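Here is what each chain is made of, one letter per residue.
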Amino acid sequence: MNREVVYPGTFDPVTNGHLDIIKRALQMFDQITVAVVDKPGKNLLFTTRERIEMLQATAGKLSNVKIERFEGLLVDYLQQRNIFVILRGLRAVSDFEYEFQIALMNRKLYSNIESVFLMPSQEYTYLSSSLIKEVVRLGGKVEGLVPGVVEEALNKKFALTK
Ligand code: COA
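Residues numbered from 1 in each chain as written. Predicted model: local features only at pLDDT ≥ 70, side-chain atom pairs only at ≥ 80, totals over all residues. Heavy atoms only, no water.

**Observations regarding unusual backbone geometry**
Counted only if it meets this: Secondary structure elements follow DSSP: runs of H or I of four or more residues count as helices, runs of E of two or more count as strands, with numbering from the N terminus. Each residue gets one of three labels from its accessible area relative to the maximum for its type: buried under 20%, exposed over 50%, partly exposed in between, using a 1.4 Å probe on protein chains only.
Going from Asp12 to Pro13, the amide bond is cis rather than trans, its omega being 0°. Here Pro13 is to be found in the loop between strand E1 (4-9) and helix H1 (16-25). Despite not being glycine, Phe11 has its phi angle at roughly 50°, a positive value. For Phe11, a relative accessible area of 3% puts it in the buried group.

Below you can see the structure in the form of structure tokens.
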């Protein structure tokens, strides 16, 4: 049986925390599709194309990982692809309530779906894309927290918009 999972998110931008989750999941699944939401409800720094390019340059280099965009309901996307498992990272207790709501709503919308949660390495439990953006915007260093290509893209973005 081919075990496939979809790892959905905004990835604005991808961090080492996301990559850590993907690497852990590769030990459990044969194929991971990182699904980049095209029009999320929140304001983004990077375009969908840029977010996908950064993922391709990092996670996309790993075998059995592919990157795709999606729009609309996540469950519709899974249904079209014939995939039944959603992967999410749980960093702290504070993530739990939100993830619990999403997982139950997704199951309500599509009863075949299961969600699995993995914990990132402890060093990434305090990471979020917003925090990374704020630190770079204010001139701080994010080395070791995001891949090099992401650091470059962030520096470029903020230099351009200053
Ligand atoms: N390392 C670092 N950061 C992490 C992380 C990890 N392992 N796991 C989560 N995060 C951060 C993200 O960077 C993000 O931070 P930010 O808010 O500062 O940008 C935050 O946690 C959560 O973002 P993300 O994982 O991208 O999820 P999301 O909540 O933005 O997106 C979707 C969730 C895309 C899965 C959800 O909105 C969705 O399914 N949308 C499609 C529409 C739909 O079906 N809606 C109904 C859902 S019930």
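**A short note on the site of the ligand**
For clarity, the cut-off: In these notes, residues near a molecule or strand are those with any non-hydrogen atom within 4 Å of it. Two N or O atoms count as a polar contact when they lie within 3.5 Å, although within protein this holds only if one can serve as hydrogen donor and the other as acceptor, and sequence-adjacent residues are included solely when both atoms are side-chain atoms. Note on areas: Shrake-Rupley, 1.4 Å probe, and residue coverage restricted to the protein chains presented here. Throughout, the protein atoms alone are placed on a 1 Å grid, and a set of points is a cavity if a 1.4 Å probe fits but cannot get out or a pocket if it is open with protein on both sides within 12 Å along at least five of seven lines; lining residues have an atom within 4 Å of a point. Pocket or cavity membership: a molecule qualifies when more than half of its atoms sit within 2 Å of the grid points of that site. All amino acids are sorted into three groups, where Ala, Val, Leu, Ile, Met, Phe, Trp, Tyr, Cys and Pro are nonpolar, Asp, Glu, Lys and Arg are charged, and the leftover types, Gly among them, are polar.
The ligand sits among 24 residues. The nearest are Thr10, Lys42, Tyr98, Ser129 and Ser130. Arg91 places a polar side-chain atom, nitrogen or oxygen, 3.0 Å from an oxygen atom of the ligand. Calculation on the ligand without its partners gives an accessible area of 930 Å², and the protein chains cover 83% of this total. In this structure the site holding the ligand corresponds to the largest pocket. Among the elements of the structure, E1, H1, helix H4 (93-109) and helix H5 (129-137) are those that each provide at least two residues to the shell around the ligand. Per-element accounting of the shell around the ligand gives the leading share, four residues, to H4. Residue classes in the shell around the ligand are distributed as eleven nonpolar, ten polar and three charged.

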